[in-house]
Amino acid sequence: MPPVAASDPRELDSRLAQRMAEVADLVTVALDELLPRAEGAESRLTEAMRYAALGPGKRLRPYFAIEAARLFNADERSVLRAACAVECIHSYGMVHDDLPAMDDDDLRRGRPTVHKQYDEGTAVLAGDALQTAAFEIMSHPDTHDDAEVRCTLVSRMALAAGARGLAGGQMIDMIGERSDMGQVARMQRMKTGALITFAIEIPLIIARVADAPRHALLAFAQDFGLAYQIIDDLLDAEGRVDEAGKAVGKDAARGKANFVTLLGVGAARERVELLAAQCRTHLDIFGNDASYLRASVDFVLDRRA
């Protein structure tokens, strides 16, 4: 599907929606092949893993990995496998985030969360197993024939998922250490932004991209990740359960600070617009080749779920 001129926004939006849906289907099929099945006593675990990872979802992180890869003609099979590993990390994070000991959510993507569908112990193990599955996928020779590239991918994914990324951000969220904008932004860059940034970094590593294009895409990823989280906070404040597919109004009810509680709805929306404009500017270096990435900023930030 070739780039579409920016002067044809309606066609671009239509083709972007099709493109994102195709990537989501591609990733779901690949994950179905990669995730384990079992017939013994452990089958409850593998069933819960598959329930978490193969359920309905936007597959946003894989989409950005695959879309960015098209800028550099990065190997499609390598990027797809690496993107599936990222989706496993994302799914593990959501399974654990929903647990009663953390955010205590009963609904995710319009379905019962894993600990509600199964039980808490199974949810803990499913998250653990999804995380290790991610590293199994990423480190396999099928992901890339160069061991150095695989090691770099594994190392960067570990940083994005660990104490300086997703898990560390979750810890800050749990203990409530976020009373000002700087603390909230830091938490969200770790909890949400780190994995989005790594997803976009995948093709940069595989195609060995350096210098200006690399810096531009990483800046895009960081600004997009922050904007995405502000939209999440707006949905929590203003969204509806039937549209969001999950509980809303949680942060205010628990007295948790977020971008909306600190800035207010109007200023939060202004911040999103500023970050979205910066995202588009970061992509100028790629010209029309980045038309779908550029359009995806508005497409994703206009979401209701």
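Above this note sits the structure.
Sequence order sets the numbering: in each chain, residues are counted from 1 along the sequence as written. Given that the model is predicted, a residue must reach a pLDDT of at least 70 before its local features are reported, and side-chain atom pairs must reach 80 or more before they are shown or counted; all residues, however, enter totals for whole chains, interfaces and linings. Water and hydrogen atoms were dropped before computing side-chain values, which therefore reflect all heavy atoms in the structure.

1. Examining the overall build of the protein
Alright, step 1. A count of helices and strands for the protein gives 15 helices and 2 strands.
Alright, step 2. Our radius of gyration looks at C-alpha atoms and nothing else; its globule reference is 2.2 Å times the residue count to the power 0.38. The C-alpha radius of gyration computed for the protein amounts to 19 Å, which stays within 12% of the reference 19 Å derived for 305 residues, consistent with globular compactness.
Alright, step 3. Summarising its shape, the C-alpha atoms of the protein cover approximately 50 × 50 × 35 Å along the three principal directions.
Alright, step 4. Accessible areas in this description were obtained via Shrake-Rupley with a 1.4 Å probe; residue shielding takes into account the shown protein chains only. By element, 51% of the accessible surface of the protein is carried by carbon and sulfur atoms, the whole surface being about 13500 Å². A run of H or I in DSSP becomes a helix once it reaches four residues, and a run of E becomes a strand once it reaches two; helices and strands are each numbered from the N terminus.

2. Here we look at the packing of aromatic side chains
The description of two aromatic rings rests on the distance between their centres and on the angle between their planes.
Alright, step 1. For Phe, Tyr and Trp, rings pair up if their centres lie within 6.5 Å, where Trp contributes its six-membered ring, and each pair is then called stacked (planes under 30 degrees apart), edge-to-face (over 60) or tilted (otherwise). Enumeration over the complete set of coordinates arrives at 7 aromatic pairs.
Alright, step 2. Here the aromatic rings of Phe72 and Phe286 are separated by 6.0 Å at their centres, their planes lie at 80 degrees, and the arrangement is edge-to-face. Of the two residues, Phe72 sits in the loop between helix 3 (60-69) and helix 4 (76-97) while Phe286 sits in the loop between helix 14 (265-282) and helix 15 (291-301), which places them 214 residues apart along the sequence.
Alright, step 3. Ring geometry for Phe220 versus Phe224: centroids 6.1 Å apart, planes at 20 degrees, classification stacked. Remark: Phe224 and Phe220 occur in helix 10 (residues 211-238); sequence separation between them is 4 residues, near one turn of the helix.
Alright, step 4. Judged by relative accessible area, which is 0%, Phe224 ranks as buried.
Alright, step 5. Every member of this aromatic cluster is reached through a ring pair, and the members are Tyr63, Phe64, Phe220, Phe224 and Tyr228.
Alright, step 6. The positively charged end of Arg19 is found above the aromatic ring belonging to Tyr292, 3.9 Å away from the centroid.
Alright, step 7. Our definition puts a charge over a ring when NZ of Lys or CZ of Arg is within 6 Å of the ring centre and also within 35 degrees of the ring normal. In this structure, Arg111 packs its charged tip against the face of Tyr51, placed 3.8 Å from the ring centre. The buried label applies to any residue whose accessible area, calculated with a 1.4 Å probe on protein chains only, is under 20% of its type's maximum; exposed applies above 50%, and partly exposed to all values in between.

3. Here we look at the packing of helix 10 against helix 14
Alright, step 1. Put simply, helix 10 and helix 14 touch, their axes get as near as 9 Å, and they point 155 degrees apart. Taken together, helix 10 and helix 14 sit at an angle that is classed as roughly antiparallel. Handedness of the crossing formed by helix 10 with helix 14: left-handed. Counted together, Ala216, Ala219, Phe220, Asp223, Phe224, Leu226, Ala227, Ile230, Ile231, Leu234 and Glu238 of helix 10 and Val265, Ala268, Arg269, Arg271, Val272, Leu275, Gln278, Cys279 and His282 of helix 14 form the full contact between these two elements.
Alright, step 2. Note on residue classes: Ala, Val, Leu, Ile, Met, Phe, Trp, Tyr, Cys and Pro are nonpolar, Asp, Glu, Lys and Arg are charged, and everything else, Gly too, is polar. Along the lines of polarity and charge, the residues of the contact of helix 10 with helix 14 split into 14 nonpolar, 2 polar and 4 charged. Throughout, an axis means a line fitted to C-alpha atoms (over the contacting stretch in the case of helices), and angles, computed between N-to-C directions, take values from 0 to 180 degrees. Relative orientations are named as follows: roughly parallel for angles under 35 degrees, roughly antiparallel for angles over 145 degrees, roughly perpendicular for angles from 65 to 115 degrees, and oblique for any other angle. In this scheme the crossing of two helices becomes right-handed for a clockwise turn of the near helix relative to the far one and left-handed for an anticlockwise turn of less than a right angle. Should any heavy atoms of two residues lie within 4.5 Å, those residues are considered in contact.

4. Things to note about the environment of Arg111
Alright, step 1. In this structure, Arg111 sits in strand 2 (residues 111-112).
Alright, step 2. On the basis of relative accessible area, Arg111 is assigned to the partly exposed category, the value being 25%.
Alright, step 3. In the structure, Arg111 is positioned 55 residues away from Pro56 in sequence and 9.0 Å away in space, judged by C-alpha atoms.
Alright, step 4. Not counting chain neighbours up to four residues away, the residues in contact with Arg111 comprise Tyr51, Gly55, Pro56 and Asp106.

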